[in-house]
Amino acid sequence: MKVGIPSEISPNELRVAATPKTVKRLQKQGFEVQIQKGAGVKANFSDKEFEEAGAKIVNTASDIYGGSDIVLKVKEPTTEEVGMMKEGLVLLSYLWPAQNPDLLKKLAEKKVNAIAMDAIPRISRAQKMDVLSSMANIAGYRAVIEGSFHFGRFLNGQITAAGKVDPAKILVIGAGVAGLAAIGAANSLGAIVRAFDTRKEVAEQIESMGAQFLTVEINEDGATSSGYSKEMSKEFIEAEMKLFLEQAKEVDIVITTAQIPGKPAPKLWMDYHVAAMKPGSVVVDLAASTGGNCALTKNGEVYTTPNGVTMVGKLNQLPNQASQLYGNNLCHLLDDMGKNEKWKIDMEDAVVSRAMVTHNGKVNWPPAPLQVSPTAGGGAKKTVAPTAEETKANDAEIARKKAVSTVISIAVVGALLLLVGAFAPSAFIQHFTVFVLAIFVGWQVITNVSHSLHTPLMAVTNAISGIIVTGGLLQTKNDIGNIMTILASVGILIASINIVGGFVVTHRMLKMFKK
């Protein structure tokens, strides 16, 4: 099968849907790759690099759309590009199906099987194909760099012979992929980072990245099953606006990241927030393309307000890096659909069926919701929230079952101890008692170790292994041939291996969070 990559027509689109590295990967997957001449120039990839990677260079877009079985693209196609497409073509591209129903109709009329990369469902298996997360990661990082450039001062605090420099204060609104990337970049540059999100569940994520989680006193959670935030109550929004006004007087850089798929971006940073900011402050609005989170944002523009606040509604895409990550996402999806002659469109697949917005001449949007749990009829099982009385009754039943289980467990353990005491020698009973107490005390100590101090692996295995090593050392004797010494030495060896392995794995985990 032939995979084609055309040039992007939009002058503002600098990315390309493949790189020399992904071309080689596509060939390993069994595809023949052809790319339009000059397609990668804006992303700093020359035709020569693509040729050396094994791609065939073709002159026109019509050669790509008419001579390929699969086309990889970034921006949604124009009417002119749709007209070049042959029947049965498989298109992988951003399509924004909720906003472009007319485009879907045209693709269906041409019998193009179109996969909207921006409609990949956010499930665990599809994370490697999630282009929204890949691009949001870049946007969050770049927002900090752009904000720092326009801020014009250090982000980190310094004490030098010339004087003291206070660290910059950065507020990140929205702790999705872009927000967390911004928090990580800002924290690594030494700024004081604060973050706000309506979803209470992200508090630990924010704090683990080194930022302070800001919230309001109203007990309301904005989390939804889709992973995006829901619209909050009037009282919550009023408290949120008040909190932002207080922060506007203190922070130096504000980065807004809140977006809702298929809808205009919510207005979170109002004109009076900007008016309250200090001269020289910066607002970087990552939602500028969908209307902006800030009331004063101008899409594609960077300007300064009368009170000296720089409004950034345009970011450098980092096209080289973005093209590589986007190309990897495309390769993952194609690879998931099969290799060589086994490649196919499986409409029973949870990812493909929901991202395939046109198929065999029909529009397949909006997709069916993901099933929570299967039922006999094949539909999704509906759950109904229990009433207060039902919840109370359930809790009482659970408590009763736990109490019965505890009594049974104690009775069984007591019977075993009586049996052991009746037949075992007194020396064994003494050691056995110490053993039981050691288990009890060790369990209480280890399970109460905070995860912020140790990883679970190090906290549990290394602590237990340390007890084993200590016990083994106490059992060793000068007699090498003694069976007790041999067994103790074996125990010490195995426990030592476990301790070393625990530290090695823990060290590797910690390195993941180092720059």
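Residues numbered from 1 in each chain as written. Predicted model: local features only at pLDDT ≥ 70, side-chain atom pairs only at ≥ 80, totals over all residues. Heavy atoms only, no water.

**A short note on the overall build of the protein**
Move 1: Secondary structure summary: the protein contains 16 helices and 17 strands in total.
Move 2: A total of 515 residues make up the protein; the buried ones form 38% of that total.
Move 3: At a minimum sequence separation of 6, the contacts of the protein that also span at least 24 residues come to 61%.
Move 4: Roughly 28,600 Å² of accessible area belongs to the protein as shown, and the carbon and sulfur atoms make up 59% of that amount. (Helix = DSSP H or I, 4+ residues; strand = E, 2+ residues; numbered from the N terminus. Buried < 20%, exposed > 50% of the residue type's maximum accessible area, 1.4 Å probe, protein only. Contact = heavy atoms within 4.5 Å. Areas by Shrake-Rupley, 256 points an atom, 1.4 Å probe, with all protein chains shown as cover.)

**Some points on the pairing of strand 5 (residues 90–93)**
Move 1: By the alternation rule, side chains of strand 5 split into V90 and L92 and L91 and S93, which are all buried.
Move 2: Where the polypeptide runs from strand 4 (residues 70–72) across helix 4 (residues 79–84) and back to strand 5, its parallel neighbour, the crossover connection is right-handed.
Move 3: Pairing geometry for strand 5 and strand 6 (residues 113–116), over four bridges, is parallel. Bridge pairing links S93 to A116 in strand 6.
Move 4: On the question of chirality, the crossover connecting strand 5 to the parallel strand 6 by way of helix 5 (residues 101–109) is right-handed. (Right-handed = clockwise from strand over helix to strand, strands pointing away. Pairing = 2+ DSSP bridges.)

**Notes on the sheet that holds strand 9 (residues 169–173)**
Move 1: Taken in spatial order, the seven strands make up an open sheet running 11-10-9-12-13-15-14, and their pairing is mixed. Taken across any chain shown, the strands that pair with only one partner, and hence form the sheet edges, are strand 11 (212–214) and strand 14 (302–304). Strand-to-strand twist in this sheet, taken as the mean axis angle between neighbours without regard to direction, amounts to 20°.
Move 2: With three bridges joining them, strand 14 and strand 15 (residues 310–312) adopt antiparallel strand pairing. Looking at strand 15, one finds that V302 is bridged to V312.
Move 3: Where helix 9 (residues 234–248) meets the sheet, its contacts fall on strand 9, strand 10 (192–196) and strand 11, and the angle it forms with strand 10 comes to roughly 165°. (Axes fitted to C-alpha atoms, helices over the stretch in contact; angles between N-to-C directions.)

**Focus on the pattern of salt bridges**
Move 1: The final tally for this structure, using the stated rule, is twelve salt bridges.
Move 2: Measuring nitrogen to oxygen at the nearest pair gives 3.1 Å for the salt bridge that ties R125 to D349. Taken together, the residues R125 in the loop between strand 6 and helix 6 (131–151) and D349 in the loop between helix 11 (319–336) and helix 12 (350–355) connect sequence positions 224 residues apart.
Move 3: The partner of R199 in a salt bridge is D197, and the shortest N-O contact between them spans 2.9 Å. Residues R199 and D197 agree in their burial class; the two are buried.
Move 4: Residues joined by salt bridges that share partners form a network here, namely E8, K73 and E81. (Salt bridge = Lys/Arg side-chain N within 4 Å of Asp/Glu carboxyl O.)

**Details of the nonpolar core**
Move 1: Judged by nonpolar contacts, the single largest core of 42 residues is most densely connected at I5, I70, L72, L92, M117, Y326 and L333.
Move 2: Per element, the largest residue contribution to this core is six residues, and it comes from helix 11.
Move 3: With near-sequence residues (within four places) excluded, Y326 lies in contact with V16, A17, K73, V74, L92, S93, Y94, M117, V131 and M135.
Move 4: Membership of the second largest hydrophobic core comes to 29 residues, among which are A136, I183, A186 and V312. (Core = buried A, V, L, I, M, F, W, Y, C linked by side-chain atoms within 4.5 Å.)

**Some thoughts on a nonpolar patch on the surface**
Move 1: Side chains of I483, M484, I486, L487, V490, L493, I494 and I497 sit close together on the surface and give an oily, nonpolar patch of about 790 Å² of accessible area.
Move 2: The topology assignment puts L487 in helix 16 (residues 483–511). (Patch = residues over 30% accessible without salt bridge, like charges linked within 9 Å, V, L, I, M, F, W, Y side chains within 5 Å.)

**Quick notes on the environment of A186**
Move 1: When you line up the elements, A186 lands in helix 7 (residues 177–188).
Move 2: Classification of A186 as buried rests on a relative accessible area of 0%.
Move 3: Separated by 41 residues in the primary sequence, A186 and I145 place their C-alpha atoms 8.5 Å from one another.
Move 4: Once residues lying within four places of it in the same chain are set aside, the contact partners of A186 are V144, I170, A191 and V193.

**Looking at the packing of helix 1 (residues 20–28) against helix 11**
Angle between the axes and distance between the axes: these two values describe a pair of packed helices.
Move 1: Across the interface, helix 1 lies against helix 11 with an axial gap of 9 Å and an inter-helix angle of 10°. With respect to helix 11, the axis of helix 1 lies roughly parallel. Every residue of helix 11 that contacts helix 1 at K21, T22, R25 and L26 is listed here: Q324, G327, N328, C331, H332 and L334. (Parallel < 35°, antiparallel > 145°, perpendicular 65-115°, else oblique.)

**Brief notes about the packing of aromatic side chains**
Move 1: Applying the stated criterion to the full structure yields six aromatic pairs.
Move 2: Ring centres of F244 and W269 lie 5.7 Å apart, and the angle between their planes is 45°; on these two criteria the pair is classed as tilted. Remark: W269 occurs in the loop between strand 12 (253–256) and helix 10 (271–276) and F244 occurs in helix 9; sequence separation between them is 25 residues.
Move 3: Given a relative accessible area of 1%, F244 falls into the buried group.
Move 4: A connected cluster of aromatic rings, assembled from ring pairs, spans Y94, W96 and Y326. (Phe/Tyr/Trp six-rings, centres within 6.5 Å; stacked < 30°, edge-to-face > 60°.)

These figures capture arrangement, not role.
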